[in-house]
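Residues per chain, in single letters:
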Amino acid sequence: MSKEELLNEEEPEIIYIPDDEGNEEEFEVIMKFEVDGSDKKYMMVVPVDSGDEEEGEVYAFRYEEDGDDLQLFTIDDEEEWNIVEETFNTLMDEMNEEED
């Protein structure tokens, strides 16, 4: 594997999301996944400018890709949120087990 490939693998995926006032904020995508039995895709992001990474808040969005365009949708349905949260926690547990 070349040095360039190693650098590309560790390069975080950054997206920009406008806030309520239209200012674009920078977020790092920490995980993308699909929920079993659904064709919906989700991503978990953290603010890049959070300062203290230990207490950085994680945000979840449903997303759709159309070519190079990415559309994000907030998750307003409590049942959908519970499924996304459970899937995220399961995936994080699996990742932590692999590291041990």
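First, a word on scope: everything that follows refers to the structure included in this document. (Residues numbered from 1 in each chain as written. Predicted model: local features only at pLDDT ≥ 70, side-chain atom pairs only at ≥ 80, totals over all residues. Heavy atoms only, no water.)

Details of the pairing of strand β4 (residues 59-66)
Bridge count between strand β3 (residues 41-47) and β4: 5 bridges; the pairing is antiparallel. Paired with V45 across the bridge in β4 is Y59. Direction of pairing for β4 relative to strand β5 (residues 69-73): antiparallel, over a ladder of 5 bridges. Bridge assignment links D66 to a residue of β5, and that residue is D69. Linking β4 to β5, which pair antiparallel, is a turn of 2 residues; within it G67 sits at a positive phi near 65 degrees. (Pairing = 2+ DSSP bridges. Helix = DSSP H or I, 4+ residues; strand = E, 2+ residues; numbered from the N terminus.)

Describing the environment of K40
Looking at the element boundaries, K40 is found in the loop between β2 (24-34) and β3. Through-space distance from the C-alpha of K40 to that of R62 is 6.9 Å; in sequence the pair is 22 residues apart. Sequence-distant contacts of K40, defined by excluding residues within four places in its chain, comprise F33, E34, V35, R62 and E80. (Contact = heavy atoms within 4.5 Å.)

Brief notes about the sheet that holds β3
If you walk across this open sheet you meet the 5 strands as β1-β2-β3-β4-β5, and the pairing is antiparallel. Taken across any chain shown, the strands that pair with only one partner, and hence form the sheet edges, are β1 (13-18) and β5. For this sheet the average axis-to-axis angle between neighbouring strands, irrespective of direction, equals 45 degrees. Sheet topology places β1 next to β2; 6 bridges connect them, and they run antiparallel. (Axes fitted to C-alpha atoms, helices over the stretch in contact; angles between N-to-C directions.)

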